[in-house]
Amino acid sequence: AQKVTQAQTEISVVEKEDVTLDCVYETRDTTYYLFWYKQPPSGELVFLIRRNSFDEQNEISGRYSWNFQKSTSSFNFTITASQVVDSAVYFCALSDVHPGDNTNAGKSTFGDGTTLTVKP
Amino acid sequence: NAGVTQTPKFRILKIGQSMTLQCTQDMNHNYMYWYRQDPGMGLKLIYYSVGAGITDKGEVPNGYNVSRSTTEDFPLRLELAAPSQTSVYFCASSYAGRWATGSNQPQHFGDGTRLSIL
């Protein structure tokens, strides 16, 4: 069975600090996908990134960066120079591959989320 | 281009009533998903579909039914509403094509339907 653990329930930082959100996953599959989503106070879900299990390259997008390490089953998310607008709940998710099409994600499992508060 | 549209945004049902949550997307995405989010929790996959006429169960399918007669629409049906189904429901879609790496092929989410069963 798949499992995603986001051990940090809540994090509070002051604006301009860097912050890392941890995500540890469990799966027996060799092929899988990992995701990060943002849910601001307004409630909508915003897709941030998707990685497949064969691509361990770190990714940077503006102030966001992701560190994927298969050896430790982790997919951590770092926000550099945090801003008040970054305040949200962040979810990490793991998907297996679709049984009829192994190039794409199938069933997904979400962590319970990390609530990030960035204070001015 | 409206993206993923869910209706209604809010609904209160009585125990035992039935209803259909509507979801439509105009991006020609082949994959569509239904999730539920209980307070303070992450999303749980109810059902998903990889194309018209094909649906699969997710983690929590009991008490729900889906159909996918067209690429655009993926309605979620509650036959006998129960208090345990009080939740926020999200529909999502994505385009699944060739094997891809990196951060492309995002999932697009609707704004959610807040459902209360009393």
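What comes next concerns the included structure. (Residues numbered from 1 in each chain as written. Chains lettered and ligands numbered in written order. Predicted model: local features only at pLDDT ≥ 70, side-chain atom pairs only at ≥ 80, totals over all residues. Heavy atoms only, no water.)

1. Digging into the overall build of chain A
Selection rule: Per the convention used, a helix needs a DSSP run of H or I reaching at least four residues, while a strand needs a run of E reaching at least two, with both numbered from the N terminus. Each radius of gyration reported is based on C-alpha atoms, and the globular scaling rule is 2.2 Å times the count of residues to the power 0.38. For accessible areas, the Shrake-Rupley method is used with a probe of radius 1.4 Å. Any residue's cover is judged against the shown protein chains and nothing else. Charge convention: Lys and Arg are scored as positive, Asp and Glu as negative, and His as well as the terminal groups of each chain are ignored. Charge coordinates come from a single atom per side chain, which is NZ of Lys, CZ of Arg, CG of Asp or CD of Glu.
Within chain A, the regular secondary structure consists of zero helices and twelve strands. Its helices and strands taken in sequence order, chain A reads β-β-β-β-β-β-β-β-β-β-β-β from the N to the C terminus. The C-alpha atoms of chain A give a radius of gyration of 14 Å, which matches the 14 Å a tight globule of 120 residues would have. Taken over the C-alpha atoms alone, chain A extends approximately 50 × 30 × 20 Å along its principal axes. Summed over its atoms, the accessible surface of chain A is roughly 5600 Å², and 48% of this surface lies on carbon and sulfur atoms. Within chain A, the 15 negative side-chain charges are centred at a point lying 1 Å from the centre of the 10 positive side-chain charges.

2. Concerning the sheet that holds strand S8 (residues 76–78) of chain B
Residues and elements named next belong to chain B. Selection criterion: For two strands to be treated as a pair, DSSP must find at least two bridges joining them. Only the contacting stretch of a helix is used when fitting its axis, a line to C-alpha atoms as for every element, and angles between N-to-C directions run 0 to 180 degrees.
One open sheet accounts for four strands, arranged S1-S3-S8-S7; its pairing is antiparallel. Of all strands in the sheet, those bounded by a partner on one side alone are strand S1 (4–7) and strand S7 (64–66). Looking at each pair of strands side by side, their axes are set apart by 20° on average, direction ignored. The pairing of strand S3 (residues 19–25) with S8 spans three bridges and is antiparallel. Residue pairing across strands places methionine 19 opposite leucine 78, the latter belonging to S8.

3. Side note on the nonpolar core
Put simply, the rule is: Nine residue types can take part in a nonpolar core, namely buried Ala, Val, Leu, Ile, Met, Phe, Trp, Tyr and Cys, and a core is a set of them joined through side-chain atoms within 4.5 Å. Categorising residues by exposure relies on relative accessible area from a 1.4 Å probe, with only protein chains included: less than 20% of the type maximum marks a residue as buried, more than 50% marks it as exposed, and the intermediate range marks it as partly exposed. The criterion used for residue contact is that any of the two residues' heavy atoms lie within 4.5 Å.
Formed by 24 residues in total, the largest nonpolar core has its most connected members in Trp36, Trp66, Phe77, Tyr90 and Leu116 of chain A. Counting only elements with at least two residues in this core, the list comes to strand S2 (10–14), strand S3 (19–21), strand S5 (33–39), strand S6 (46–52), strand S8 (64–69), strand S9 (74–79), strand S10 (88–98) and strand S12 (114–119) of chain A. In terms of residues, this core owes the most to one element, S10 of chain A, which gives four residues. Apart from the residues within four sequence positions on either side, phenylalanine 77 of chain A is in contact with Val19, Thr20, Leu21, Trp36, Leu48, Tyr64, Ser65, Trp66 and Tyr90 of chain A. Grouped together as the second largest cluster of nonpolar side chains are 20 residues, Phe91 and Ala93 of chain A together with Tyr35 and Val50 of chain B included.

4. Looking at the state of the cysteines
All names here are of chain A. Here is the rule: By convention in this document, the label disulfide applies to cysteine sulfur atom pairs within 2.5 Å.
Using the criterion set out here, one finds two disulfides over all chains in the structure. One disulfide bridge connects cysteine 23 with cysteine 92, the sulfur atoms lying 2.0 Å from each other. Residues cysteine 23 and cysteine 92 are joined through a disulfide that is left-handed, its torsion about the S-S bond being -65°. Remark: cysteine 92 occurs in strand S10 and cysteine 23 occurs in the loop between S3 and strand S4 (24–26); sequence separation between them is 69 residues.

5. Some words on the pattern of salt bridges
Residues and elements named next belong to chain A. For clarity, the cut-off: The working definition used for a salt bridge is a side-chain nitrogen of Lys or Arg within 4 Å of a carboxyl oxygen of Asp or Glu.
Overall, the coordinates contain six salt bridges over all chains when judged by the stated rule. Of the charged contacts in the structure, one is a salt bridge between aspartate 55 and arginine 51, with a shortest N-O distance of 2.7 Å. Note that aspartate 86 and arginine 63 form a salt bridge whose closest N and O atoms lie 2.8 Å from each other. Of the two residues, aspartate 86 is situated in the loop between S9 and S10 and arginine 63 in the loop between strand S7 (59–61) and S8; the sequence distance between them amounts to 23 residues.

6. Remarks on the pairing of S8 of chain A
Residues and elements named next belong to chain A. The side-chain alternation of S8 yields one buried face, formed by Tyr64, Trp66 and Phe68, and one unburied face, formed by Ser65, Asn67 and Gln69. Relative to S8, S7 is paired through three bridges, and the arrangement is antiparallel. Along S8, the bridge assignment pairs serine 61 with tyrosine 64. Joining the antiparallel neighbours S7 and S8 is a turn of two residues, in which glycine 62 adopts a positive phi near 65°. In this structure, S8 lies alongside S9, joined through six bridges in antiparallel fashion.

7. Topic: unusual backbone geometry
The residue after threonine 7 of chain B, namely proline 8 of chain B, is reached through a cis peptide bond having omega -5°. Of note, proline 8 of chain B is situated in the loop between S1 and strand S2 (10–13). Notably, lysine 16 of chain A is not glycine yet its phi reads approximately 85°, a positive angle. You can see lysine 16 of chain A is positioned in the loop between S2 and S3. The class of lysine 16 of chain A is exposed, set by a relative accessible area of 68%. We note that alanine 81 of chain A has phi near 50°; this positive angle belongs to a residue other than glycine. With respect to the helices and strands, the residue alanine 81 of chain A is situated in the loop between S9 and S10. Looking at alanine 81 of chain A, the relative accessible area reads 31%, which means it is partly exposed.

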